[in-house]
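In case you want the letters, here they are:
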Amino acid sequence: MNWDDLKVFLEVARTEKLSQAAKRLGIDASTVSRRLHRLEDQLATQLFDRSTEGHSLTEHGQLLLQTARDMDQRAQAANDILQGKNLENQGKVRLGVTEAFGNDFIAPELARFCQQNPQIIIDLLPLQRFVKWSHQEVEIAVTIEKPPNTSLVVSKLCDYGLSMYASRDYLENSEAINVPEDIYNHPLIGYVDDLVFSDQLSYLERLLPNSNPCFRSTSVVTQSVAVREGLGLAMLPHFLARRHADLIPVLPQQTSVVRTFWIAVHPEQKKLARVNKVWQHLKRHAQDNAAMLMEGN
């Protein structure tokens, strides 16, 4: 099996597009296609389902991906070790994190981190879905569910609290809310049910069964904007709401919810000094702000 062909296979698996893979590899798309077919012929199996929308892995392709990815990571790690890069606090670290947590809690701290560590380049990717570990999208991921992948190094990053919020103007000009049942009399803002990528985000359904939001979005940041505009009430994380003085918690004792963020990395990547430095910095930042993450305005 030709290693160059495996590298082509990996890039197509990651990008799902011949043109994008070719651009990243620095070769033309026809060469990429030819090498894929050669690899499939050698293995006597089909690795991709091909369509006008791109290339998606077959079952056999998924099996090869795991092996090829491990080979690639070990080769890269060996290269870094031989060149001494694993001991250097320099280079790029790609971090995937949920949108609001990335924008409101992590990005401000990473801005300071980059000022203190100018040789480390941070790629911060706000993701409204699960990380595609098999596509090597990121070195480090912060997720709302504990990754089931047993090959990863996974650690609890922090707990965080949420509760129902409304704008100050809305509460001053609307019917009083004294008990949770009163919330049914107010317009609600929530997630698009069939597009929620994790059950951990189904706060509204559990708190207020059979509620019918008047405004829905896959983005909690967009939901918070709707609340600030006086449209209604929504479940918001405290770390997001506390940045806006006009957002007021509604029955915080009765509507409070606690969730957890997890941090994950591939073992080979964590051996790199720059990756481990970011990992440790995020852990310390979360620990230092543990109380704030659990408190409302």
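Residues numbered from 1 in each chain as written. Predicted model: local features only at pLDDT ≥ 70, side-chain atom pairs only at ≥ 80, totals over all residues. Heavy atoms only, no water.

Enquirer: Go over the packing of helix α2 (residues 18-25) against helix α3 (residues 29-43), please, and point to the residues and values.
Expert: The interhelical angle for the contact between α2 and α3, taken along N-to-C directions, is 105°, at an axis separation of 8 Å. Judged by the angle between their axes, α2 and α3 are roughly perpendicular. Counted together, Leu18, Ala22 and Leu25 of α2 and Ala29, Val32, Ser33 and Leu36 of α3 form the full contact between these two elements. (Axes fitted to C-alpha atoms, helices over the stretch in contact; angles between N-to-C directions. Helix = DSSP H or I, 4+ residues; strand = E, 2+ residues; numbered from the N terminus. Parallel < 35°, antiparallel > 145°, perpendicular 65-115°, else oblique. Contact = heavy atoms within 4.5 Å.)

Enquirer: Requested: an account of helix α8 (residues 220-228), with residues and values cited.
Expert: Burial in α8 covers these residues: Val220, Gln223, Ser224, Ala226 and Val227. Projection of α8 onto a plane perpendicular to its axis shows the buried side chains occupying an angular sector of 160°, all on one side. Two to three positions downstream of the cap, the backbone nitrogen of Val221 sits 3.2 Å from a side-chain oxygen, assigning the N-cap of α8 to Ser219. Gly230 occupies a position one or two residues after α8 and carries a positive phi of about 85°. (Buried < 20%, exposed > 50% of the residue type's maximum accessible area, 1.4 Å probe, protein only. Arc of directions from axis to C-beta. Polar contact = N/O pair within 3.5 Å; in protein donor to acceptor, adjacent residues only side chain to side chain.)

Enquirer: Residues and numbers for the pattern of salt bridges, please.
Expert: One pass over the structure, following the stated rule, counts 12 salt bridges. Across the pair Asp5 and Arg38 runs a salt bridge whose closest N-O atoms are separated by 2.6 Å. One end of the pair, Asp5, is in helix α1 (residues 3-15); the other, Arg38, is in helix α3, with 33 residues separating them in the sequence. Residue classification places Asp5 among the buried positions, given a relative accessible area of 0%. Exposure remark for Arg38: the relative accessible area of 39% places this residue in the partly exposed category. Here Arg24 makes a salt bridge to Glu11, at a shortest N to O gap of 2.8 Å. Linking Arg24 in helix α2 with Glu11 in helix α1, this pair joins segments that are 13 residues apart in sequence. A relative accessible area of 54% places Arg24 in the exposed class. (Salt bridge = Lys/Arg side-chain N within 4 Å of Asp/Glu carboxyl O.)

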